[in-house]
Amino acid sequence: MENYTLYANSIEYSVKMKSSEKLFGLLMGIRSPSRYHHCIRVSSYAGIIGGAMGMSRKQVRCLEIAGLIHDIGFSAINDNILEKRTTLTPDEYAYIQLHPIIGMKILDCYGFPQDIMKAVVEHHEAFDGSGYPLGLKREQIGIYGKILFLSEYFDTITTDTPYKNASSIDEAIQSVKQLSNKKFDPELVDTLLNSEEISHFYMHKESICKNYPVPGSNLDSIITF
Ligand SMILES: [Fe+2]
Ligand SMILES: [Fe+2]
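Trainee: What is the right way to read the overall build of the protein from this model?
Mentor: Along the backbone of the protein there are 13 helices and zero strands. Here the protein holds 225 residues, and the buried ones make up 34% of them. Within the protein, residue pairs in contact and separated by at least 24 positions form 67% of the contacts whose partners lie at least 6 positions apart.

Trainee: Which parts of the structure should I look at to understand the nonpolar core?
Mentor: Among soluble globular proteins, nonpolar side chains are generally buried collectively. Counting residues in each nonpolar core, the largest one holds 43 residues, and the members touching the most others are Ala-66, Leu-107, Ile-116, Val-120 and Ile-147. Contributing elements (two or more residues each) for this core: α3 (33–52), α4 (57–68), α7 (99–109), α8 (114–121), α9 (143–157) and α11 (186–193).

Trainee: Help me out: how do you make sense of unusual backbone geometry in this one?
Mentor: Most peptide bonds are trans, and most residues other than glycine sit at a negative phi. Here Tyr-132 and Pro-133 are connected by a cis peptide whose omega angle stands at 10°. Position of Pro-133 relative to the elements: it lies in the loop between α8 and α9. The backbone of Arg-138 sits at a positive phi, close to 40°, despite the residue not being glycine. Among the secondary structure elements, Arg-138 is positioned in the loop between α8 and α9. According to the C-beta neighbour criterion, Arg-138 is exposed, with 12 such atoms within 10 Å. One non-glycine residue, Asn-181, lies in the positive phi region at around 70°. Locating Asn-181 in the fold gives a position in the loop between α10 (169–178) and α11.

Trainee: Explanation requested: the packing of α4 against α9 in the structure shown.
Mentor: When two helices pack together, their arrangement is given by the angle between their axes and by how far apart the axes lie. For the pair α4 and α9, interaxial distance at closest approach is 10 Å and the crossing angle is 50°. Accordingly, the angle class assigned to the pair α4 and α9 is oblique. As α4 runs across α9, the sense of the crossing is right-handed. Where α4 abuts α9, its residues Cys-62, Leu-63, Ala-66 and Gly-67 lie against Tyr-144, Ile-147, Leu-148 and Ser-151. In terms of residue class, the contact of α4 with α9 is made up of six nonpolar, two polar and no charged.

Trainee: Would you mind going over α3 with me for this structure?
Mentor: Every α-helix winds through 3.6 residues per turn, so residues three or four apart in the chain are directed the same way. Along its 20 residues, α3 runs 29 Å from first to last C-alpha, staying within 8% of the 28 Å computed at 1.5 Å per residue. Every buried residue belonging to α3 is among His-38, Cys-39, Arg-41, Val-42, Ser-43, Ser-44, Tyr-45, Ala-46, Gly-47, Ile-48, Ile-49 and Gly-50, and all of these are buried.

Trainee: How should the environment of Ala-94 be read in this particular structure?
Mentor: Residue placement: Ala-94 occurs in helix α6 (residues 90–96). Exposure remark for Ala-94: the 15 C-beta atoms within 10 Å place this residue in the partly exposed category. Residues Ala-94 and Tyr-132, spaced 38 residues apart in sequence, show a C-alpha to C-alpha distance of 9.9 Å.

Trainee: Please clarify how α11 should be interpreted in this entry.
Mentor: Those residues of α11 that sit buried are Leu-188, Val-189, Thr-191 and Leu-192. Buried residues of α11 fall within an arc of 160° about the axis and therefore sit on the same side.

Trainee: Explain the environment of Ile-77 here, please?
Mentor: Secondary-structure assignment places Ile-77 in the loop between α4 and α5 (79–82). In sequence terms Ile-77 and Ile-96 are 19 residues apart; their C-alpha atoms lie 7.4 Å from each other. When near neighbours in sequence (up to four residues on either side) are disregarded, Ile-77 contacts Leu-82, Tyr-95, Ile-96 and His-99.

Trainee: Would you mind showing me how to read the packing of α3 against α9 here?
Mentor: Relative to each other, α3 and α9 sit at 125°, their axes nearing to 9 Å. When the interaxial angle is binned, α3 and α9 end up oblique. Here α3 and α9 pass one another in a crossing that is right-handed. Residue-level contacts link His-38, Arg-41, Val-42, Tyr-45, Ala-46, Ile-49 and Gly-50 of α3 to Ile-147, Leu-148, Ser-151, Glu-152, Phe-154 and Asp-155 of α9. Here the residues of the contact of α3 with α9 sort into seven nonpolar, three polar and three charged.

What counts, and where the lines are drawn
Residues numbered from 1 in each chain as written. Chains lettered and ligands numbered in written order. Predicted model: local features only at pLDDT ≥ 70, side-chain atom pairs only at ≥ 80, totals over all residues. Helix = DSSP H or I, 4+ residues; strand = E, 2+ residues; numbered from the N terminus. Buried ≥ 20, exposed ≤ 12 C-beta atoms within 10 Å, placed from the backbone. Contact = placed C-beta atoms within 7 Å. Core = buried A, V, L, I, M, F, W, Y, C linked by C-beta atoms within 7 Å. Axes fitted to C-alpha atoms, helices over the stretch in contact; angles between N-to-C directions. Parallel < 35°, antiparallel > 145°, perpendicular 65-115°, else oblique. Left-handed = near helix turned anticlockwise from the far one by under 90°. Nonpolar A, V, L, I, M, F, W, Y, C, P; charged D, E, K, R; others polar. Expected span 1.5 Å × (residues − 1). Arc of directions from axis to C-beta.

The following block contains the structure:
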């Protein structure tokens with residue numbers, strides 16, 4: 001693990017050295033349209049859940065931004081590992097599990113607010129402590145991190161991958177229900193399951209992703225706190 005920490009530190013260093021590089025480059029560093037679209041969907045699900053919980057517009061925007069860049073740590077991980085079709089070695093798996101920490105370090109270099117960095121580093125922490133990278137549980141995990149984790153799961157099981165077919169929305173709902181109070185905060189599960197907006201987004205997610213504006217020169221207007 002020490003080696004990986006050193007590697008993460010070297011990422012921080014190299015990002016600082018390229019201070020003229022825009023976040024756009026890092027976003028595109030995710031390198032994969034499918035991963036990028038996953039980030040758009042996670043951002044949307046998270047924003048919908050936050051809104052349904054009565055969060056302020058600013059908090060919802062914070063969640064949406066965190067969702068959009070939650071996997072930016074992947075930009076530091078080689079595609080040979082990310083796209084590997086065979087079983088990952090324990091070292092490779094441990095490496096991938098560092099992407100929330102790497103992501104937080106990248107965002108720190110760009111001066112992102114603490115709320116967003118905390119959300120990114122916690123987006124794989126589970127309510128019962130079985131998540132990573134720190135194995136936090138319950139109230140140790142911030143509300144943004146909890147929402148991102150649920151959004152991440154919901155999108156992952158409702159999306160086709162080379163390894164599995166997507167679950168239907170009914171199957172996804174059943175799965176989320178079963179994991180309530182285990183992987184996920186039950187209050188958030190109730191919010192997700194009672195949201196008509198989630199179903200609406202799910203129905204139209206393909207066309208929404210296709211039409212999503214690619215961040216570019218207008219990035220400064222996208223990232224407004
Ligand atoms: Fe993700
Ligand atoms: Fe992730």
